[in-house]
Amino acid sequence: MQVSMKSYAKVNIFLKIAGKRDNYHEIVSRFVRVKNLYDEISFTPNNDTNEFNLIGNFGCKVEDNSIYKAFLELRKYCPKIDAFFRVYNIEVKKNIPEFAGLGGGSSNAASFLILANKHFNLYFKKNKLAKIGAKIGADVPFFIYEYDSANVTGIGEIVEEFKEESLNIEVVTPSDIKCHTGKIFNCFRDEFYKEITKDESKELLLMKSKDILNKLSIEQSNDLYMPAVTQYPALKEYAKKNWYFSGSGSSFFKVL
Ligand SMILES: C[C@](O)(CO)[C@H](O)COP(=O)(O)OP(=O)(O)OC[C@H]1O[C@@H](n2ccc(N)nc2=O)[C@H](O)[C@@H]1O
Ligand SMILES: Nc1ncnc2c1ncn2[C@@H]1O[C@H](COP(=O)(O)OP(=O)(O)OP(=O)(O)O)[C@@H](O)[C@H]1O
């Protein structure tokens, strides 16, 4: 018996900083799922290692993997999953590039929690799964709710569905530039710090994604763009008209 689900990428139509919270930043952002770019996560039988077994093309050790971290968090609420994952594998067909501003690791963690919630009949509600997910990464709550478009605030834990037409998004990820999220937030804090006003925030959160991109430049739409270009100057070569920057990068995207 096999269970599986798609683990989508996301882009940030806009990402503005609204304040600081310890060494994190409060954000005001529109997240949109990219329906044609996803990993596939499955629980598959025949794990003969008698321990947690994660199969997939990752750039990090198992103990640093967001899926493993999600497993450890969920096990606190449901110890029986330990025995299950000694005889079942977690297999991930990776398509989302890492360090790309596409939420790959966060999306995988959320998909693991959603799949396990169903498979083990835990009946945890979305807000409980989102609370568990928030401990693993700031973007995990967005993926837990499974909205196509959402307004995300707080440090990523406040997720409100935004109803709009389904968007067709094209993504380009420079293969040779790996953007470290923490490094880019720190550069923003040190060299580019400013906070969005309440009025501007209110206006953007009400606007359709296409209208936002027609109104704002790449620099205006994402506060992390200039810090990213400062840290990784080679990004400039990829900046083209009507292309925008997702999260902390390195990906650019276009709404078709
Ligand atoms: C840039 C975004 O991807 C936008 O969607 C998110 O804000 C970042 O989400 P993420 O990659 O899941 O971030 P995490 O892995 O939780 O945090 C990585 C590092 O980014 C910085 N960070 C992250 C999120 C946030 N709201 N403020 C921050 O300052 C912190 O230094 C943190 O140590
Ligand atoms: N399941 C996973 N899939 C991809 N990367 C993962 C995973 N678990 C941990 N990581 C690690 O997380 C780090 C960042 O990867 P991730 O893909 O989440 O960054 P990102 O694409 O920049 O996401 P974001 O949009 O949140 O910044 C890398 O070191 C990567 O190896």
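Definitions and cut-offs
Residues numbered from 1 in each chain as written. Chains lettered and ligands numbered in written order. Predicted model: local features only at pLDDT ≥ 70, side-chain atom pairs only at ≥ 80, totals over all residues. Heavy atoms only, no water. UniProt positions renumbered as here; feature names shortened; annotations may be inferred. Axes fitted to C-alpha atoms, helices over the stretch in contact; angles between N-to-C directions. Helix = DSSP H or I, 4+ residues; strand = E, 2+ residues; numbered from the N terminus. Left-handed = near helix turned anticlockwise from the far one by under 90°. Contact = heavy atoms within 4.5 Å. Nonpolar A, V, L, I, M, F, W, Y, C, P; charged D, E, K, R; others polar. Disulfide = S-S within 2.5 Å. Buried < 20%, exposed > 50% of the residue type's maximum accessible area, 1.4 Å probe, protein only. Near = heavy atom within 4 Å. Polar contact = N/O pair within 3.5 Å; in protein donor to acceptor, adjacent residues only side chain to side chain. Areas by Shrake-Rupley, 256 points an atom, 1.4 Å probe, with all protein chains shown as cover. 1 Å grid on protein atoms, 1.4 Å probe; cavity = no way out; pocket = protein on both sides within 12 Å on 5 of 7 lines; lining within 4 Å. Sits in = over half its atoms within 2 Å of the grid points. Phe/Tyr/Trp six-rings, centres within 6.5 Å; stacked < 30°, edge-to-face > 60°. Lys NZ or Arg CZ within 6 Å of the ring centre and 35° of its normal.

By the naming in an unreviewed UniProt entry, the protein chain is 4-diphosphocytidyl-2-C-methyl-D-erythritol kinase, taken from Malaciobacter molluscorum LMG 25693. The UniProt entry for the protein chain carries this comment under Pathway (unreviewed entry): "Isoprenoid biosynthesis; isopentenyl diphosphate biosynthesis via DXP pathway; isopentenyl diphosphate from 1-deoxy-D-xylulose 5-phosphate: step 3/6."

Visitor: So what about the packing of helix 1 (residues 66-77) against helix 3 (residues 104-119)? Which residues, and what values?
Guide: Packing of helix 1 against helix 3 brings their axes to within 8 Å, and their N-to-C directions diverge by 40°. Between helix 1 and helix 3 lies a crossing whose hand is right-handed. Taken together, the residues of helix 3 that come into contact with helix 1 (itself represented by Ser-66, Ile-67, Ala-70, Phe-71 and Leu-74) are Gly-105, Asn-108, Ala-109, Phe-112, Leu-113 and Ala-116. Looking at the contact of helix 1 with helix 3, its residues break down into 8 nonpolar, 3 polar and no charged.

Visitor: If you had to explain the state of the cysteines to someone new, which residues and values would you point to?
Guide: In this structure the tally under the stated criterion is 0 disulfides. As a non-bridged cysteine, Cys-179 has Cys-187 as the owner of its nearest cysteine sulfur, 11 Å distant. On the basis of relative accessible area, Cys-179 is assigned to the buried category, the value being 1%.

Visitor: Mind laying out the site of ligand 1, listing which residues take part and the relevant values?
Guide: Around ligand 1, 16 residues are found, and the nearest of them are Lys-10, Asn-12, His-25, Ala-138 and Asp-139. In the model, an oxygen atom of ligand 1 is placed 3.2 Å from a nitrogen or oxygen of the Lys-10 side chain. At 3.4 Å, a side-chain N or O of Ser-106 approaches an oxygen atom of ligand 1. Relative to its unbound accessible area of 630 Å², ligand 1 is 82% covered by the protein chains. In this structure the site holding ligand 1 corresponds to the largest pocket. When contributions to the shell around ligand 1 are tallied by element, the ones reaching two or more residues are strand 1 (3-21), strand 2 (24-44) and helix 6 (181-192). Here the shell around ligand 1 takes 4 residues from strand 2, the largest share from any one element.

Visitor: With reference to specific residues and values, describe the UniProt feature "binding site: ATP" (unreviewed entry) in the protein chain.
Guide: In the numbering used here, UniProt assigns the feature "binding site: ATP" (unreviewed entry) to Pro-97, Glu-98, Phe-99, Ala-100, Gly-101, Leu-102, Gly-103, Gly-104, Gly-105, Ser-106 and Ser-107. Checking the named residues against the largest pocket, the ones that line it are Pro-97, Glu-98, Phe-99, Ala-100, Gly-101, Leu-102, Gly-103, Gly-104, Gly-105 and Ser-106. When you line up the elements, Ser-106 lands in helix 3. In this structure, Ser-106 is in contact with Asp-139, Val-140 and Phe-143, ignoring residues within four places of it in sequence. Note on placement: Ser-107 falls in helix 3. Classification of Ser-107 by relative accessible area gives buried; the value is 1%. In this structure, Ser-107 is in contact with Ser-7, Tyr-8 and Phe-143, ignoring residues within four places of it in sequence.

Visitor: Requested: an account of the packing of aromatic side chains, with residues and values cited.
Guide: By convention here, two paired aromatic rings are described through the distance between centres and the angle between planes. Taken as a whole, this structure holds 24 aromatic pairs when the rule is applied. With a centroid separation of 5.7 Å and 75° between ring planes, the pair formed by Tyr-8 and Tyr-38 is classed as edge-to-face. Taken as a pair, Tyr-8 in strand 1 and Tyr-38 in strand 2 lie far apart in primary sequence, 30 residues in all. Tyr-8 gets classed as buried once you look at its relative accessible area, which sits at 15%. Taken together, a centroid distance of 6.2 Å and an interplanar angle of 65° make the contact between Phe-43 and Phe-84 edge-to-face. Separated by 41 residues along the polypeptide, Phe-43 in strand 2 and Phe-84 in helix 2 (residues 81-87) bring together distant segments of the chain. Grouped by ring-pair contacts, the aromatic residues Phe-43, Phe-52, Tyr-68, Phe-71, Phe-84, Phe-85, Tyr-88, Phe-112 and Phe-120 constitute a single cluster. The ring of Tyr-193 is capped by Lys-20, whose NZ or CZ atom sits 4.5 Å from the centre of that ring. Stacked on the ring of Phe-124, the Lys or Arg Lys-128 has its end atom at 4.3 Å from the ring centre.

Visitor: I'd like to hear about the UniProt feature "domain: GHMP kinase N-terminal" (unreviewed entry) in the protein chain, residue by residue, with values.
Guide: As recorded in UniProt, the sites labelled "domain: GHMP kinase N-terminal" (unreviewed entry) are residues 65-145. Taken as a whole, residues 65-145 contains 62% helix and 6% strand, while its terminal C-alpha atoms sit 21 Å from one another.

Visitor: Tell me about the environment of Thr-49, and name the residues and values.
Guide: One can find Thr-49 in the loop between strand 2 and strand 3 (54-55). The class of Thr-49 is partly exposed, set by a relative accessible area of 34%. In this structure the C-alpha to C-alpha distance between Thr-49 and Phe-85, which are 36 residues apart in sequence, comes to 9.9 Å.

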